[in-house]
Amino acid sequence: MKRSKVIEVLTDGSVGSKVVVKGWVRAFRSNRFIQLNDGSTIKNIQAVVDFENFDEALLKRITTGSAIAVTGELVESQGAGQAVEIQVEGIEILGDANPDEVQRTVMQPKRHSLEFLREQAHLRFRTNTFGAVFRIRHAVAYAIHKFFNDRGFYYLHTPIVTGSDAEGAGEMFRVTTLDPINPPLNEDGSVNYKEDFFGKPVNLTVSGQLEAELGALALGQVYTFGPTFRAENSNTSRHLAEFWMIEPEVAFNDLKDNMDLTESFLKYIVDYVLENCKDDLAFLNEREANEQKTKPQNERNEMSLIERLEFVSKNDFKRLTYTEAIDLLLQSKPYKKGQFKFDVKWGIDLQSEHERYLVEKEFNCPVILTDYPAEIKAFYMRQNDDGKTVAAMDVLFPGIGEIVGGSQREERFDVLKEKCKAFDIHEEEIWWYLETRKFGTVPHAGFGLGFERMIMFVTGMTNIRDVIPFPRTPQNAEF
Ligand code: 4AD
Ligand code: MG
C-alpha cells in the first residue's frame, strides 16, 4: 500500500479507509497512544495500539525519536484534539532510537532553551518550533519566486565567487587554492595571486547587485536570490556571516517606484504566510504568547505575532527623508534627556537605537527612510540635485531594524566616474559596470531584502541563528 502523508490523512482521509503512515514517534503514552509526525504538518497523527495484539518486545521499541510505519484503519477519534486517528493493525520499526541517548537530545519532550537547540542544530528540525520555522522559511522562498515570476521578472544567477570588491557592503572572505603555509611570492614578498586558481585575488560575494544591474539593463526586470557572505566580526542577533539576499533590479524605475515595489513585495510575503502557513503560524503565535507571560509587563509586545503581521499587511509604511528623521530625533525625549548612547546630528550613520526609536516609538509601523547623506552610502547610489544626498532607501521594521537597503542607481556616466574617484574605486576593477552607462544608459533602481531578517519578522523568532538551518557566525561553522 502507498504511504499517506500525515497532512493528507488529517485533511482528507476518509473514515473507514486503510492507510499506511510513516514517521517519527513524538510520544507513546500508556502503551496505547502514539503521536506520529512526518514533517508534512506541525500536527501529529494519533495511532492507537491495542497492546494485547502486539508483541511486548516490539512495543518496547516504539520510543520517542524512533521511526516507524503503521498500518491501520482510519477511525473517528474518541479523544479531543483530532478528528481522526489510526486504529493500528500493523507496526514496523524502521529505525530505533535508544531512549537513554534520546534523553540528552532536543527530542526529549520538554521545554529546551533556544541555545541548547542551536547546539543540536542537526536534531532541532525534530521539534515543533523548528519544524514550523523551516516550513515557513520554505513558503516564503516560494512566495518570493512567485511574486517576481507573476510580475515578469527573471531570476538571474549572479556569481558567488567574485573578483570585485567595489560594493563596499562588508568585509569579504578570500577564496584561494594557494598553499597557506608556502604561497608563491612576488619579489616584494607579497602573495603572487597570478598563480592562484583564477589568476587574481577573488572573494565570496557580499551582494549580487552590480551584476543584477547588468542584467536589468537588457532584460528589464531581474532578481537574484542567493547566498551572500560578510566577514564582519559582528556577533549580534541580527547578523550572519552567510545569509541569503533577494535583490530585484528594475530598468526605468526611480526611487518612488522602488519604494512602491518594496512595500508591495513585503506585504505580499506577509499575506502569503498569513494565508498559507496557518497551523505553523498559530503554533508560533502561541509559543510567543507563552514566552511573553514570563516577562515583566513593560517588556511585553503590544501585539501578538499574528496581529503584527496583519498590521503590516493593512497599513501604509511611513515614508520620510533622512533629514526629517534627524529633525525628529533631535526633538525626541530620549535625545533631550541624553538617553541615546550615540550622538545625533546630520551626517551620522543612524545607530540601531535611533532606528528603533523611529520605528517603535515615533511611528509604530514600518518606516522607509530616504535620501541619506552621500558619504555614508555606497558609490552607486544616485546623486540628488542638492549635491549632498543620494536617492537611497532603507526599510526599517519593528523589532528587526533594517530589513531592506536599496536605491535608485547613478546612471550618468560622468557623475559615476567622479563617484568612483571619490570612493577610491579603480576603473580597471569595475570597467564592466561603467560600460553599461556608455551604451543606452537609463534610470534604474533596486533593493536587497535580507531573507533571514524577513523570516525573523514572520516567525517572531528573535535571534537570526534560529531562522537558518545551520548558522555561520564568528567562531562557529559547526554542521
Ligand atoms: O543594506 P545592504 O548591505 O545592501 C546591499 O547589499 C545592496 N547591494 C542591496 C541592493 O540595493 N541590491 O544589505 C541588504 C539587506 C539588509 O537590509 C539586511 O536586511 C540584510 O541584507 N543584511 C544582513 N542579514 C543578515 N546578516 C548580515 N550580516 C546582513 N547584512 C545585511
Ligand atoms: Mg544597508
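Residues numbered from 1 in each chain as written. Chains lettered and ligands numbered in written order. Predicted model: local features only at pLDDT ≥ 70, side-chain atom pairs only at ≥ 80, totals over all residues. Heavy atoms only, no water.

Caption draft 1: How the structure looks around the site of ligand 1. Neighbouring ligand 1 are 23 residues; Glu167, Gln209, Glu247, Glu402 and Ile403 lie closest to it. Between ligand 1 and Gly450 there is a distance of 3.4 Å, counted from an oxygen atom to a backbone nitrogen or oxygen. Within the complex, the protein chains bury 92% of what would otherwise be the 630 Å² of accessible surface of ligand 1. Here ligand 1 is seated within the largest pocket. Put simply, the parts of the chain that give the shell around ligand 1 at least two residues each are β12 (242–251), β16 (401–408) and β17 (444–450). Split into classes, the residues belonging to the shell around ligand 1 amount to eight nonpolar, eight polar and seven charged. (Near = heavy atom within 4 Å. Polar contact = N/O pair within 3.5 Å; in protein donor to acceptor, adjacent residues only side chain to side chain. Areas by Shrake-Rupley, 256 points an atom, 1.4 Å probe, with all protein chains shown as cover. 1 Å grid on protein atoms, 1.4 Å probe; cavity = no way out; pocket = protein on both sides within 12 Å on 5 of 7 lines; lining within 4 Å. Sits in = over half its atoms within 2 Å of the grid points. Helix = DSSP H or I, 4+ residues; strand = E, 2+ residues; numbered from the N terminus. Nonpolar A, V, L, I, M, F, W, Y, C, P; charged D, E, K, R; others polar.)

Caption draft 2: Structural view of the domain arrangement of the protein chain. Once the domains are mapped, the protein chain shows domain 1 (6–103) and domain 2 (128–171 + 206–466). Taking only C-alpha atoms into account, the centre of domain 1 sits 44 Å from that of domain 2. Between domain 1 and domain 2, the contact holds six residues from the first and six residues from the second. Interface area, domain 1 with domain 2, both sides summed: about 470 Å², of which 45% is carbon and sulfur. Put simply, domain 1 and domain 2 have one salt bridge between them. The closest approach of N and O atoms between Asp279 and Lys43, which form a salt bridge, is 3.6 Å. On the surface where domain 1 and domain 2 come into contact, there are two residue pairs in polar contact (both at pLDDT 80 or more). Taken together, the residues of the side of domain 1 that touches domain 2 break down into one nonpolar, three polar and two charged. (Domains from an automatic or database assignment. Contact = heavy atoms within 4.5 Å. Buried area = accessible area lost by both parts, 1.4 Å probe. Salt bridge = Lys/Arg side-chain N within 4 Å of Asp/Glu carboxyl O.)

Caption draft 3: Geometry of empty space enclosed by the protein. Counting across every chain of the model gives two cavities of 30 Å³ or more. Of the pockets and cavities examined, the largest cavity occupies roughly 90 Å³. Lining the largest cavity are 13 residues, and of these Ser164, Glu167, Thr205, Val206 and Ser207 sit closest to its centre. Looking at which element gives the most residues to the lining of the largest cavity, the answer is helix α6 (residues 209–219), with three residues. Of the residues that constitute the lining of the largest cavity, the class distribution is four nonpolar, six polar and three charged. (Points joined across faces, edges and corners; volume = space filled by probe spheres on them.)

Caption draft 4: Structural view of the sheet that holds strand β10 (residues 202–204). Spatially, three strands are ordered β8-β10-β9 in an open sheet, and the strand pairing comes out antiparallel. Each of the sheet's edge strands pairs with one partner strand only, and the pair in question is β8 (161–162) and β9 (174–175). Pairing of β9 with β10 involves two bridges; the strand directions are antiparallel. Within β10, the position partnered with Arg174 by the bridge is Asn203. (Pairing = 2+ DSSP bridges.)

Caption draft 5: Focus on the side chain of Thr436. Mapped onto the elements of the fold, Thr436 is located in the loop between α14 (427–435) and β17. On the accessibility criterion, Thr436 (16% relative accessible area) is buried. From its side chain, Thr436 meets the backbone oxygen of Tyr433 in a polar contact 2.6 Å long. Those residues in contact with Thr436 that sit more than four places away from it in its chain are Leu214, Leu217 and Thr441. (Buried < 20%, exposed > 50% of the residue type's maximum accessible area, 1.4 Å probe, protein only.)

Caption draft 6: Broad picture of the side chain of Thr41. Checked against the element boundaries, Thr41 lands in the loop between β3 (33–37) and β4 (45–48). Exposure remark for Thr41: the relative accessible area of 6% places this residue in the buried category. Here Lys43 takes part through its backbone nitrogen, which lies 2.9 Å from a polar atom of the side chain of Thr41. Not counting the four nearest positions on each side in its chain, Thr41 is found in contact with Val6, Ile7, Arg135 and Asp279.

Caption draft 7: A look at the pattern of salt bridges. For the coordinates displayed, the defined rule picks out 27 salt bridges. Here Arg124 makes a salt bridge to Asp466, at a shortest N to O gap of 3.3 Å. With Arg124 in the loop between α4 (114–119) and α5 (128–150) and Asp466 in the segment after α15 (451–459), this residue pair connects regions lying 342 residues apart in the sequence. Comparing Arg124 with Asp466 shows no difference in burial state: the two are buried.

Caption draft 8: The packing of aromatic side chains, seen in detail. Using the criterion set out here, one finds 24 aromatic pairs in the structure. Each ring, one from Phe225 and one from Trp244, has its centre 6.2 Å from the other, and the planes form 80°; the classification is edge-to-face. Here the residue Phe225 occupies a position in strand β11 (residues 221–229), and Trp244 occupies one in strand β12, the gap between them amounting to 19 residues. Under the relative-accessibility criterion, Trp244 is labelled partly exposed at 30%. Each member of the aromatic cluster is reached from another via a ring pair, and the members are Phe147, Phe148, Phe153, Tyr155, Tyr223, Phe265, Tyr268 and Phe447. (Phe/Tyr/Trp six-rings, centres within 6.5 Å; stacked < 30°, edge-to-face > 60°.)

Caption draft 9: Spatial organisation of the layout of surface pockets. Space inside the largest pocket adds up to approximately 1200 Å³. Taken together, 43 residues form the lining of the largest pocket, with Arg230, His239, Asp394, Glu402 and Arg453 sitting closest to its centre.

Caption draft 10: Quick peek at α14. Within the sequence span of α14, burial applies to Ile430, Trp432, Tyr433 and Leu434. Looking at the buried side of α14, the elements it contacts are α6 and α13 (413–422).

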